[in-house]
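Structural overview for review
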Amino acid sequence: MLDITHNEWLRRAEALDLSGVHHIDGTDEPGGGQSYAAVSPRDGQVLTQVADAGTAEVDAAVAAARRAFDSGPWPRLAPADRGRILLRIADLLAEQRHRLALTVSLEMGKPITDAYDIELRAAINTFRWYGQLADKLTDESPHTAPDALALVTREPAGVVGAVVPWNFPLTLASWKVAPALAAGCTVVLKPSENSPLSALLLGRLATEAGLPPGVLNVVSGDGPTAGRAIGLHPDIDVLAFTGSTAVGRFFLRYAADSNLKRVWLELGGKSPNIILPDAPDLEKAAATAAWGIFFNQGEMCTAPSRLLVHSSIAERITDTIVARARDLRIGDPLDPATEMGALVGERHLKRVLDHIGTGLDEGARLRVGGSRTLAGTGGSYLQPTVFDHVDPGMRLAREEIFGPVLSVLTFDDLDEAVALANATEYGLAAGLWTSDLSTAHQVSRALKAGTVWVNCYEEGDLTVPFGGVKQSGNGRDKSTHAIEKYTELKTTWIQL
């Protein structure tokens, strides 16, 4: 992170030009005149007016993407040429890193340090990685009898509808858009109505980088209108969605009610983080557990919101996390010293507070936090919160809260720990802390999760896939496996 002061970020925020218009067919489009106010959760102030897409705007974006795929140059470019444009997008994201990080921080409340160091790093690296991958993908030629030649080729699937949430608006958009473009698809991207501004800027930068018109279209709007129109659209071939399990069900229904488009879902989580007494470093395990649940204000699908700790060390681990929660610096997201910013908005803050109230009603013990804070700022701030004495049947242990709220559960043996970890409808991620190699392998295999971190949490890079099982979704983002979502297999059999 460059050495920029709080006052300098405030000055840059005042001077920031935030455009809230759609980006369709390579140009900015205001749409039909409907708009809504983008409100910053840091202070409750209106940032700008944002164009609100209806069916007409979605139709225009899909039509542009359809033309670009059916008759435009993008799917027909040499993969190396597509890769060079993706690399140019990465370069422009790097050049505009301060502006993009500031936009993300303003629109969803993420600390500016995290927006710059983590969010933008991920987005830049994603476009760069897939740009470098584009000309290294291979097809297959299975062994056949001598009188035949078989070819199995991967061809771009067509028009992709990508619908992404607000918690990592650029990272998650990049995880969808970059592999889809590398495969030769065209894209209609709909960011969350809570964080549209950074994605709209991404669309303009992609055009500036040389992406042909219609290849990446960005429309802002809400889920029941714009999201539904994308889900039902007969000219969209693939739908990639990250968000809640409840909304994921809608997209499956939309596909069934329209053209049976393929739907790839990355959904919610209630991730367990298991700490065994033989963890190589109990202090590190506790510190990482605290970081994991409070990072990004707890607004992460992979957040380790269920801490499963052996009863012999439970008090020690919990005390360490409670102390960290008390010391955590909550404040203005534009202050580089801030460690936890604002939740995304008032409605979400109320939802998280309702969960906290239910936890108290059900008999869990509140160890720290549990209340709104910094109310005088006009922002949506919440104290980091820890509950222990949590029973597995409580809502605190079963439902995704999507906030800085940790539930501590205890166990007495390994079988009980695995049973508790798997006692959820979700299966996105899990953590395990142990010094025993056999335990690490055996428990990792037993956990029903798409990712298991051992003696760490939230680690990895673009070489490994990301996604869940059970009601946490299907398909994978990141790695070469993401390409599979945006391609179709074709068999060609040549009789010699």
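In the nomenclature of an unreviewed UniProt entry, the protein chain corresponds to Aldehyde dehydrogenase from the organism Streptomyces plumbiresistens. As stated in UniProt under Sequence similarities (unreviewed entry), the record for the protein chain gives "Belongs to the aldehyde dehydrogenase family."

Comments concerning the UniProt feature "domain: Aldehyde dehydrogenase" (unreviewed entry) in the protein chain
UniProt marks residues 34-491 with the feature "domain: Aldehyde dehydrogenase" (unreviewed entry), using the numbering shown here. Secondary structure over residues 34-491 splits into 40% helix and 19% strand, and the C-alpha atoms at its two ends are 47 Å apart.

Digging into the packing of aromatic side chains
As enumerated under the stated definition, the model contains 9 aromatic pairs in all. On the numbers, 6.2 Å between centres and 40° between planes, the contact of Phe168 with Phe295 is tilted. With Phe168 in the loop between strand 6 (159-163) and helix 6 (169-183) and Phe295 in the loop between helix 10 (282-294) and strand 12 (306-310), this pair connects stretches of sequence that are 127 residues apart. Given a relative accessible area of 9%, Phe295 falls into the buried group. With a centroid separation of 4.9 Å and an interplanar angle of 45°, the aromatic rings of Phe241 and Phe251 are classed as tilted. Within this pair, whereas Phe241 is found in strand 9 (residues 238-242), its partner Phe251 is found in helix 9 (residues 245-257), the two being separated by 10 residues in sequence. A relative accessible area of 5% places Phe241 in the buried class. A relative accessible area of 4% means that Phe251 is categorised as buried. Every member of this aromatic cluster is reached through a ring pair, and the members are Phe241, Phe250, Phe251 and Tyr254. Lying across the ring of Tyr116, Arg97 places its NZ or CZ 4.4 Å from the centre. Sitting over the face of the ring of Phe250, Arg253 holds its NZ or CZ atom 5.5 Å from the ring centroid.

As for the pattern of salt bridges
In this structure the tally under the stated criterion is 27 salt bridges. The partner of Arg66 in a salt bridge is Asp237, with the nearest N and O atoms 3.0 Å apart. Here the residue Arg66 occupies a position in helix 2 (residues 55-70), and Asp237 occupies one in the loop between helix 8 (223-232) and strand 9, the gap between them amounting to 171 residues. With a relative accessible area of 25%, Asp237 lands in the partly exposed category. Between Glu399 and Arg395 there is a salt bridge, with its nearest N and O atoms 3.0 Å apart. Taken together, the shared-partner salt bridges in this structure form one network comprising Glu315, Asp319, Arg365, Arg367 and Asp388.

Considering the UniProt feature "active site" (unreviewed entry) in the protein chain
Per the UniProt record, the feature "active site" (unreviewed entry) sits at Glu266. On the secondary structure map, Glu266 appears in strand 10 (residues 262-266). For Glu266, a relative accessible area of 2% puts it in the buried group. Once residues lying within four places of it in the same chain are set aside, the contact partners of Glu266 are Lys176, Phe241, Thr242, Gly243, Cys301, Leu428, Phe466, Ser472 and Asp477.

Some remarks on unusual backbone geometry
Even without glycine at this site, Asp25 takes up a positive phi of about 55°. Mapped onto the elements, Asp25 comes out in the loop between strand 1 (22-24) and strand 2 (27-29). Residue Gln297 is not a glycine yet carries a positive backbone phi of 60°.

What counts and how
- Residues numbered from 1 in each chain as written.
- Predicted model: local features only at pLDDT ≥ 70, side-chain atom pairs only at ≥ 80, totals over all residues.
- Heavy atoms only, no water.
- UniProt positions renumbered as here; feature names shortened; annotations may be inferred.
- Helix = DSSP H or I, 4+ residues; strand = E, 2+ residues; numbered from the N terminus.
- Phe/Tyr/Trp six-rings, centres within 6.5 Å; stacked < 30°, edge-to-face > 60°.
- Buried < 20%, exposed > 50% of the residue type's maximum accessible area, 1.4 Å probe, protein only.
- Lys NZ or Arg CZ within 6 Å of the ring centre and 35° of its normal.
- Salt bridge = Lys/Arg side-chain N within 4 Å of Asp/Glu carboxyl O.
- Contact = heavy atoms within 4.5 Å.

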